[in-house]
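Analysis of the macromolecular model
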Amino acid sequence: MSAAAFAETASPLIDPLGRAVRYVRLSVTDRCDLRCVYCMAERQRFLPRDEVLSVEALDRLASSFVRLGARRIRLTGGEPLVRRDVMDLVRRLSRHLASGALEELTLTTNGTRLAQHAAALAGHGVRRVNVSLDTREPETYRRLTRGGDVARALGGIVAAKAAGLAVKINAVALADDNAGELAELIAWAHGEGHEISLIEAMPIGEIGADRTAQFLSLAQVRTRLEARWTLTPLARRTAGPARYVRVEETGGTLGFITPMTHNFCGDCNRVRVTCTGRLYLCLGQEDHADLAGALETGGEAAVERAIREAVARKPGAHDFRIAAGASPAVARPMSMTGG
Ligand code: SAM
Ligand code: SF4
């Protein structure tokens, strides 16, 4: 069956491999107040502001997904909280939580501006946030983020907890930077009552550095952690890329996100929309659909058609590979697609 014919007949957002797309990551900006070494180049060039969609357009795109059966929306970026009107978008999208159409509205943030927004996020029905924190060491943080102040991120995490938000920490495992600190970071997160997931660095975007030197396999990290702790695999699966264990000694949950050493695409239920309205079916592939163009020419009906057609050709898997001198799997940076 052709992709177009499949799109006509299939129920909302089931791809040809039978994976139901229920989860949309919506990037609200490609800008950021940090320059993490694995994510961006030092002199990252950002989109002209007039190419970035308005809050109203982002709301219309996101709401089209909700009508087509998406149950979870995660706002991301770049850094979502550097966008001045981001809380207006959160407020608008919260109507889908109130109606029950959406199960969850959440965001991924570096935490630097969380202290300002945590209470309002909770007020709009956000129940949890993912905060990216690769290290608690001020100097390492400053180097990894090229100038960031870890106290701001830690303050954001404290404020989120105080506002009643569940916090999940995400840490990218990096050979030369935080490899020796990961156990301490896990123990700290669990002590504070937060889940934590470790992530393998992916070859996404030109960052002006050698990714082979940065890369650290989570298989190695796990072996080291097992020498210290008892890790009990948990049955919990989220149709996401993480596999979870309980650390018996801390009582906390630890996730391993292993795009490089263990391909998790088989049950991928997510798609990504950029702040310019491009729909990407896979983080590691170039194929996309222009939802902003569809919105402009044909309104929501055209957007929904474009989404169905795109989902009907969602690729089976990414083909990431990190090798010396290899170009990145995709040239667009993670901050553009939305992590
Ligand atoms: N600025 C926000 C933040 O840092 O949480 C949201 C956007 S950021 C692109 C989302 C996530 O992608 C972060 O957890 C970050 O560590 C991760 N990330 C960025 N580049 C990556 C890469 N090359 N490989 C693996 N994870 C990456
Ligand atoms: Fe900014 Fe997040 Fe990328 Fe770091 S990982 S540079 S915080 S977008």
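Our structure's up above, just so we're on the same page.
First things first, this report covers the structure right here in the doc. (Residues numbered from 1 in each chain as written. Chains lettered and ligands numbered in written order. Predicted model: local features only at pLDDT ≥ 70, side-chain atom pairs only at ≥ 80, totals over all residues. Heavy atoms only, no water.)

**Considerations on the nonpolar core**
The biggest cluster of nonpolar side chains holds 94 residues, and the ones touching the most others in it are F65, V129, L198, L225 and L279. It is helix α10 (residues 291-311) that contributes the most residues to this core, 10 residues altogether. Residue contacts for V129: discarding those within four places in its chain leaves T106, L107, L114, L121, A160, L165, A166, V167 and K168. (Core = buried A, V, L, I, M, F, W, Y, C linked by side-chain atoms within 4.5 Å. Buried < 20%, exposed > 50% of the residue type's maximum accessible area, 1.4 Å probe, protein only. Helix = DSSP H or I, 4+ residues; strand = E, 2+ residues; numbered from the N terminus. Contact = heavy atoms within 4.5 Å.)

**Let's talk about the pairing of strand β2 (residues 72-76)**
Where burial is concerned, most of β2 is hidden: five out of the five residues are buried. Of the two faces of β2, both are covered, the one formed by R72, R74 and T76 as well as the one formed by I73 and L75. Here strand β1 (residues 23-27) pairs with β2 via five bridges, running parallel. If you follow Y23 over to β2, its bridge partner there is R72. Bridge count for β2 against strand β3 (residues 104-109) is four bridges, and the pairing is parallel. In the sheet register, L75 faces β3, and the bridge partner there is L107. Taken together, β2, helix α3 (residues 86-98) and β3 constitute a β-α-β crossover, and its handedness is right-handed. (Pairing = 2+ DSSP bridges. Right-handed = clockwise from strand over helix to strand, strands pointing away.)

**Let's talk about the site of ligand 1**
Contacts to ligand 1 come from 17 residues, most closely from Y38, G78, T108, S132 and M202. Note that a nitrogen atom of ligand 1 is positioned 3.2 Å from one of the side-chain N or O atoms of E79. In this structure, M202 approaches ligand 1 through a main-chain N or O atom, which is 2.7 Å from a nitrogen atom. Out of a free accessible area of 540 Å², ligand 1 has 94% covered by protein chains. In terms of residue class, the shell around ligand 1 is made up of six nonpolar, eight polar and three charged. (Near = heavy atom within 4 Å. Polar contact = N/O pair within 3.5 Å; in protein donor to acceptor, adjacent residues only side chain to side chain. Areas by Shrake-Rupley, 256 points an atom, 1.4 Å probe, with all protein chains shown as cover. Nonpolar A, V, L, I, M, F, W, Y, C, P; charged D, E, K, R; others polar.)

**Points about the environment of E296**
If you trace the backbone, E296 turns up in helix α10. As a C-alpha pair, E296 and A57 span 239 residues in sequence and 9.4 Å in three-dimensional space.

**A closer look at the pattern of salt bridges**
Per the counting criterion, the structure on display carries 17 salt bridges. The shortest N-O distance in the salt bridge between R71 and E103 comes to 3.3 Å. Note that R71 is positioned in the loop between α2 (55-67) and β2 and E103 in the loop between α3 and β3, a separation of 32 residues in sequence. Judged by its relative accessible area of 26%, R71 is partly exposed. With a relative accessible area of 45%, E103 lands in the partly exposed category. When the shortest N-O distance is used, the salt bridge between E184 and R136 registers 2.4 Å. Residue E184 is located in helix α7 (residues 182-191), and its partner R136 is located in the loop between β4 (128-132) and α5 (138-144); the two are separated by 48 residues in the primary sequence. If you follow the salt bridges from partner to partner, you end up with D59, D88, R91, R92 and R95 in one network. (Salt bridge = Lys/Arg side-chain N within 4 Å of Asp/Glu carboxyl O.)

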